[in-house]
Structure formats: C-alpha cells, structure tokens
Amino acid sequence: MLSQTFPSLSVTPKPPEMEDEPLLRRPPGFSVGTCTWIYEHFLQIIIDLHGLLAVMGNVCNPSTCKTMKVNEAEYMCAAHGKPRNCCAIDYCCHIIEGTRALLLSEREFPERVAVAPTKKKIFVLLARRCYRILSHAYFHHQAMFKEFEHRTGICARFHGLVQEYDIMASKLLIIPVE
C-alpha cells in the first residue's frame, strides 16, 4: 500500500539539507483523504512506539514503575476487563496492542485505503492513549526518552500530526519539543 509506505519512508534518516522537510505534508500527486493519511501515520506511530518500549524495557519494569504515571497522575489500565492498576511497561504494551488491534480491525476500518472522516473520533481516542506512553517515558525516563527522540523524532512528529489535524488540544501536549 503506497500510502502506508510514505510515512515509514518519511521517518528514515535524512541528509542534512532535507532535515527541515515537513514529514506530515502529503507529497505532490499523492492523493489520499485526510483520515487515510492520519491512519497511515498512526500505523507508523505504533511501530515507533514499539521501538520505544524495547528501549524502555531496560529502565521501566515492574520494580521501577509499579503503576502507570505521568508526572503525578496515575492511570488505570482498561485492558483487564475492569480497569485496574498495572505496571507502566505492561500498561504501555496494552495500549500498543489495543491500538494496533483497533487500527487493523476490519469492522472499524473496512477500507484502509479510504478511511471515512467519521473515523476521526477514533484517532482522538488513540492519540490520548499513545501520548501517555510518550509522556511517561519523558517524565520518568528522560535520558532514555531524549536519546530515542533524537534518533526517531517520534514526539515531534506526534505533536505535528495531532496539531496539524486538530486531534489533540495544544494544552494537552505537555512534553516540550526541542
């Protein structure tokens, strides 16, 4: 699928002269709907968050992060049927698994090459959940987060995506992007 290929190509390392090239802009002649474009970026975000979790596993575990926190806010995990506490790394895994399952659901996204505008509300929900992973990493494992962000730019891309397409309010974006 061409639309899925472009977001993944757009996050590969670029030569210095291309560093300022906007990653979220559709290339000329690339005609997919806005929600399809957002959908493809969320697929790439899930792949990148998986990489973040792989790195986080070295510093975030049931001993160091017994619950999912962002700053002092604590989140209950809904993956257990009835919401309950679970350690942060498991919470993050549950978010990624649930987001991936929803994005690949034929019921929610029967035609992935033409995502209906009515599906934007799903992206709003997914953005809030995925941002918790980034926020936890930033506020509780900052050195690891900054190194990963420097390599991938996931947080800057995420901020750009949710602001460009009005998916999250700016006041909810609490991680400073350098």
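Residues numbered from 1 in each chain as written. Predicted model: local features only at pLDDT ≥ 70, side-chain atom pairs only at ≥ 80, totals over all residues. Heavy atoms only, no water.

(A) The arrangement of the overall build of the protein in detail. When you go through the protein residue by residue, the secondary structure sums to 6 helices and 2 strands. Ordered by position from the N terminus, the helices and strands of the protein form the series α-α-β-β-α-α-α-α. Contacts in the protein between residues at least 24 apart in sequence constitute 65% of all its contacts with a sequence separation of at least 6. For the protein, the computed accessible surface area is about 9700 Å², with 55% contributed by carbon and sulfur atoms. (Helix = DSSP H or I, 4+ residues; strand = E, 2+ residues; numbered from the N terminus. Contact = heavy atoms within 4.5 Å. Areas by Shrake-Rupley, 256 points an atom, 1.4 Å probe, with all protein chains shown as cover.)

(B) A look at the pattern of salt bridges. Here the structure, examined in full by the defined rule, presents 4 salt bridges. Arg-157 is the partner of Asp-48 in a salt bridge, and the nearest nitrogen-oxygen pair spans 2.5 Å. A residue pair is termed long-range when its members are at least 10 positions apart, and Asp-48 in helix H2 (residues 34–56) and Arg-157 in helix H6 (residues 154–164) qualify at 109 residues. In this structure, the salt-bridge partner of Glu-147 is Arg-151, at a minimum N-O distance of 2.7 Å. With a gap of 4 residues between them, Glu-147 and Arg-151 both fall in helix H5 (residues 142–152), about one helical turn apart. Looking at Glu-147, the relative accessible area reads 40%, which means it is partly exposed. If you follow the salt bridges from partner to partner, you end up with Arg-107, Glu-108 and Lys-119 in one network. (Salt bridge = Lys/Arg side-chain N within 4 Å of Asp/Glu carboxyl O. Buried < 20%, exposed > 50% of the residue type's maximum accessible area, 1.4 Å probe, protein only.)

(C) Structural detail: the packing of aromatic side chains. Here the structure, examined in full by the defined rule, presents 6 aromatic pairs. Each ring, one from Phe-42 and one from Phe-123, has its centre 5.5 Å from the other, and the planes form 10°; the classification is stacked. Taken as a pair, Phe-42 in helix H2 and Phe-123 in helix H4 (residues 120–140) lie far apart in primary sequence, 81 residues in all. With respect to burial, Phe-42 and Phe-123 carry one shared label: buried. Between Tyr-138 and Phe-139 the ring centres are 4.8 Å apart and the planes differ by 90°, which places this aromatic pair in the edge-to-face class. Taken together, Tyr-39, Phe-42, Phe-109 and Phe-123 form an aromatic cluster joined through their ring pairs. (Phe/Tyr/Trp six-rings, centres within 6.5 Å; stacked < 30°, edge-to-face > 60°.)

(D) Fine view of unusual backbone geometry. Not every positive phi belongs to a glycine, and Asn-71 is a case in point at roughly 55°. Tracing the sequence through the fold places Asn-71 in the loop between strand S1 (68–70) and strand S2 (73–75). For Asn-71, a relative accessible area of 36% corresponds to the partly exposed category. A positive phi angle is found at Asp-166, which is not glycine, with a value near 55°. Looking at the element boundaries, Asp-166 is found in the segment after H6.

(E) Structural context of helix H3 (residues 88–103). Under the 1.5 Å per step criterion, the end-to-end length of H3 is 22 Å for 16 residues, consistent within 8% with the ideal 22 Å. Of the positions making up H3, those classed as buried are Ala-88, Ile-89, Tyr-91, Cys-92, Ile-95, Ile-96, Thr-99 and Leu-103. End-on view of H3: buried residues confined to an arc of 160°, all on one side of the axis. Summarising the contacts, the buried residues of H3 are in contact with H2, S1, S2 and H4. (Expected span 1.5 Å × (residues − 1). Arc of directions from axis to C-beta.)

(F) Looking closely at the nonpolar core. The biggest cluster of nonpolar side chains holds 52 residues, and the ones touching the most others in it are Phe-42, Leu-49, Phe-123 and Phe-158. Elements with a contribution of two residues or more to this core: H2, H3, H4, H5 and H6. Ranked by the residues each element gives to this core, the list is headed by H2, at 12 residues. If we skip the residues at most four places from it in the chain, Phe-42 touches Leu-103, Phe-123, Leu-126, Ala-127, Phe-158, Leu-161 and Ile-167. (Core = buried A, V, L, I, M, F, W, Y, C linked by side-chain atoms within 4.5 Å.)

(G) Summary view of the confidence of the model for the protein. Looking at the protein as a whole, its pLDDT mean stands at 86, while 84% of the residues score no less than 70. Predicted confidence for residues 1–6 stays below pLDDT 50, and this span has 14 contacts to residues more than four positions away or in other chains. Every residue in residues 8–21 is under pLDDT 50, and counting partners more than four places away or in other chains gives 7 contacts. (pLDDT = per-residue confidence, 0-100.)

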